[in-house]
Amino acid sequence: MPAGEGWWRTAVIYQVYVRSFADGNGDGIGDLAGVRSRLPYLKSLGVDALWFTPWYESPLADGGYDVQDYRRIDPRFGTLEEAEQLIAEALEHGIRTIVDIVPNHISDRHEWFQQALAAQPGSPERERFWFHPGRGEGGEEMPTNWVSSFQGETWTRTRNPDGTPGEWYLHLFTPQQPDLNWNHPDVRREHEDVLRFWFDRGVAGVRIDSAALPVKDPALPDLPVGTAPASGHPHIDRDELHDIYRDWRAVAEEYDGERVLVGEVWLDDAERFARYLRPGEMHTAFNFGFMTQPWSAQAMRDSITRTLAEHAPVGAPATWVLSNHDVTRPVTRYGQADSSFAFERKRFGTPTNAVRGARRARAASLLVAALPGSLYIYQGDELGLSEVELPLEAIEDPMHFRSGGVDPGRDGCRVPLPWAGAATPYGFGGTPWLPQPADWAALTVEAQDADPASTLNLYRAAIALRTQIADFAGGELEWLELGADVLAFRRGDGTVSITNLGAVPVPLPAHHEVLLSSAPLDGMLPPDSTAWLALRPVRDRAPRVAD
Ligand code: NOJ
Ligand code: CA
């Protein structure tokens, strides 16, 4: 593993949604062979690590977040041997690997759940989950009134071997994702074994799915209707979670090379969020607060200030995330009248100014790359892809179906990447499992490679500068007051990032050199653009120690 103490504090981490990255065998489904063949591309982008969304054996009821077997790769993606080769080859390119662990639930096809279904109520096999009799005389009512993160019910009733209705089981997501009982020692032991299984294979870290959800109040209390629970939520952010992650941190510490825990923690309460990042717990957690902000200097600045302030007391670096496989692509989001993000507001046919969105997404990518902390890039954002409005019959995402068809779901950001050529499959491989738009020819890697002004080359230049310029390595940021619509800050003593979120061009502050800009400058900074400025000749500064 490349040396580099605290590598995760400033790392650029690229999220690979395997199914849609590159298809090595022509069946239309991205796979590990496809990723391996594109490692030179990832190297040329300059990223430090790859985070792979779940690549394990899975019925793909929720895109792989329904794990059937953590120790096998889904045959559609490849084999365990290929995963091992991929981890090793990436390291040869200086790129670390992060895998996804999903502690809250497993697939209903996992052997534990199959055993539980076959066993009797009250059996040890059922204790690994949340099986419970229903309420009411015949047990026909759900045990709690909890609402799913995917909308709708959180309990499904089983059938007894004789066909009569049986117990219910809990699932905060789809019925194909039964929740595990984290009070059970098997569940704890198994996950620690899974961590070791992957750390033994050289992965540099784990991304922890739905990290604030796994522990439940065993009394299974109802949620009060319309208000927050008076004392502690029965299934979100329970204090017992911290013991679990402290144990996981201890497992990570058994290994050399700084293996990291990255939490997917969606919590509004900043103090509660930061608790996951205390010494001895997770290394970092996704900062979704910034991602959900509208295109507004005030809102974004407030969010950045809040983020840095909430991380400081626990000594953890912030993370910067513009998108992922769950949310609307930035090019689309920033082109809409309401450019903030909220799951519940996603609708088909929302009017979008694609040109403005693309400009703003480029500006935002430079803005976040200049902030202190680690940076996440979701595959395809470096190509400036937009959210795709898919034909209804192509959509697979359960979020769409559970909304009664009102929410388009998340497949629009999961469309297979365009690599080359003028028409679908744009060099992806076989016929893509989700259809690609007809107008992606100019967005392929091949087309953008050749264009110095392309979004791909902007990302490459930004990542290279971020790595080379010592000012970007520290944890400090100083705001510059350059107008209400301008977001400007200095990093170290010599580098400035300035973003114009207003409607008219603004002057640049005094500088020695423009290092990079998201749009042509012409002496002024045009609306919806970012520039990086060097206040002194760059060569005067110490080069950052290479990992
Ligand atoms: C968060 C993941 O990012 C999302 O894709 C998934 O559906 C849920 N967790 C449930 O695992
Ligand atoms: Ca394939």
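Before reading on, note that the structure itself is shown above.
Residues numbered from 1 in each chain as written. Chains lettered and ligands numbered in written order. Predicted model: local features only at pLDDT ≥ 70, side-chain atom pairs only at ≥ 80, totals over all residues. Heavy atoms only, no water.

Student: Would you mind going over the coordination of the calcium ion (ligand 2) in detail, with residue names and values included?
Tutor: All of the protein donors around the calcium ion (ligand 2) are Asp 23 (OD), Asn 25 (OD1), Asp 27 (OD), Ile 29 (O) and Asp 31 (OD); their distances to the metal are 2.3 Å. When the donor residues of the calcium ion (ligand 2) are listed from N- to C-terminus, their spacing reads D-x1-N-x1-D-x1-I-x1-D. Looking at Asp 27, the relative accessible area reads 38%, which means it is partly exposed. (Donors = N, O, S within 2.8 Å, 3.2 Å for Na, K, Ca; no water. Buried < 20%, exposed > 50% of the residue type's maximum accessible area, 1.4 Å probe, protein only.)

Student: Kindly report on the site of ligand 1, identifying the contributing residues and their values.
Tutor: Around ligand 1 lies a shell of 13 residues, among which Asp 62, Asp 209, His 325, Asp 326 and Arg 410 are the nearest. Within the side chain of Asp 209, a nitrogen or oxygen atom sits 2.8 Å from an oxygen atom of ligand 1. Here an oxygen atom of ligand 1 sits 2.5 Å away from a polar atom, N or O, in the side chain of Asp 326. Protein chains shield 96% of the accessible area of ligand 1, which is 300 Å² for the free molecule. Residues belonging to the shell around ligand 1 are distributed by class as follows: 3 nonpolar, 3 polar and 7 charged. (Near = heavy atom within 4 Å. Polar contact = N/O pair within 3.5 Å; in protein donor to acceptor, adjacent residues only side chain to side chain. Areas by Shrake-Rupley, 256 points an atom, 1.4 Å probe, with all protein chains shown as cover. Nonpolar A, V, L, I, M, F, W, Y, C, P; charged D, E, K, R; others polar.)

Student: Kindly report on the packing of helix H6 (residues 185-200) against helix H7 (residues 241-253), identifying the contributing residues and their values.
Tutor: Where H6 meets H7, the axes come as close as 10 Å, and the angle between the chain directions of the two elements is 30°. Between H6 and H7, the angle falls in the class roughly parallel. Crossing hand, H6 versus H7: right-handed. The segment H6 lies against H7, with Arg 188, His 191, Glu 192, Leu 195, Arg 196 and Phe 199 engaging Ile 244, Asp 247, Trp 248, Val 251 and Ala 252. Taken together, the residues of the contact of H6 with H7 break down into 6 nonpolar, 1 polar and 4 charged. (Axes fitted to C-alpha atoms, helices over the stretch in contact; angles between N-to-C directions. Helix = DSSP H or I, 4+ residues; strand = E, 2+ residues; numbered from the N terminus. Parallel < 35°, antiparallel > 145°, perpendicular 65-115°, else oblique. Left-handed = near helix turned anticlockwise from the far one by under 90°. Contact = heavy atoms within 4.5 Å.)

Student: I'd like to hear about the sheet that holds strand E14 (residues 478-480), residue by residue, with values.
Tutor: Here 5 strands make up an open sheet; going across it, the order is E14-E15-E16-E20-E18 and the pairing antiparallel. One side of each edge strand has no neighbouring strand; the edge strands of this open sheet are E14 and strand E18 (513-517). Taking the axes of each pair of neighbouring strands and ignoring which way they run, one obtains an average angle of 25° across the sheet. Of the pairings in the sheet, the one linking E18 to strand E20 (residues 529-534) comprises 4 bridges and is antiparallel in character. When the sheet's bridge partners are listed, Val 514 is paired in E20 with Leu 533. Of the strands in this sheet, E14 and strand E15 (486-491) are in contact with helix H10 (residues 297-311), which crosses E15 at around 30°. (Pairing = 2+ DSSP bridges.)

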